[in-house]
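# Descriptive structure summary
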Amino acid sequence: PMAGVMETEEQSRNRFQSELEFIQCLANPNYLNFLAQRGYLREKPFVNYLKYLLYWKEPDYAKFLKYPHCLHMLELLQYEHFRKELVNAQCAKFIDEQQLLHWQHYSRKRTRLQQALAEQQPTQQQQQPPAHGNATAK
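Residues numbered from 1 in each chain as written. Predicted model: local features only at pLDDT ≥ 70, side-chain atom pairs only at ≥ 80, totals over all residues. Heavy atoms only, no water.

If you look the protein up in an unreviewed UniProt entry, it shows as Mediator of RNA polymerase II transcription subunit 31 from Gadus morhua. What the UniProt record of the protein gives under Sequence similarities (unreviewed entry) is the line "Belongs to the Mediator complex subunit 31 family." (UniProt positions renumbered as here; feature names shortened; annotations may be inferred.)

This is the structure in structure tokens:
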């Protein structure tokens, strides 16, 4: 009978919140290294849990993530070779550095794009005819 017991709304909310917090921790390579060094990434139940968490890739769930990079890490964690490599602190350090470089590049690229759009806007406004043209006078 216990296996058929449905979750209450509160239990469901708590599970959602716990899973949301946990999955976002996966964006931190140092945390992944911590999990690997303590053997969690070798335990079948934990690996199964990581597989279960893949539902967070669905847009209805992914929209709640503040650190969407965690989904990429979750995807990589599906591979045994990646899980084994995370025991090495140098591996975690490399991932950390690559994330930092990505974010720096992304933010510079985004700033340049926003500046280019801002520079285009005054010229676009000058080229547009006034909203109250001669069409109403006819």
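Right, picking up where we left off after that structure.
## Remarks on the pattern of salt bridges
By the definition in use, this model includes five salt bridges. Taking the shortest distance from any N to any O, the salt bridge between Glu19 and Arg15 comes out at 3.6 Å. Linking Glu19 with Arg15, this pair stays in helix H1 (residues 9-25), spanning four residues, or about one helical turn. A relative accessible area of 4% means that Glu19 is categorised as buried. (Salt bridge = Lys/Arg side-chain N within 4 Å of Asp/Glu carboxyl O. Helix = DSSP H or I, 4+ residues; strand = E, 2+ residues; numbered from the N terminus. Buried < 20%, exposed > 50% of the residue type's maximum accessible area, 1.4 Å probe, protein only.)

## Some details on the packing of aromatic side chains
Per the stated rule, a full pass over the model turns up twelve aromatic pairs. Centre to centre, the rings of Phe22 and Tyr49 are 5.7 Å apart; their planes meet at 45 degrees, and the pair counts as tilted. Of the two residues, Phe22 sits in helix H1 while Tyr49 sits in helix H3 (residues 44-52), which places them 27 residues apart along the sequence. Residue Phe22 is classed as buried on the basis of its relative accessible area, which comes to 14%. (Phe/Tyr/Trp six-rings, centres within 6.5 Å; stacked < 30°, edge-to-face > 60°.)

## Observations concerning helix H5 (residues 69-76)
Every buried residue belonging to H5 is among Cys70, Leu71, Met73 and Leu74, and all of these are buried. For H5, the buried positions fall inside an angular range of 160 degrees around the axis, keeping them on one side. (Arc of directions from axis to C-beta.)

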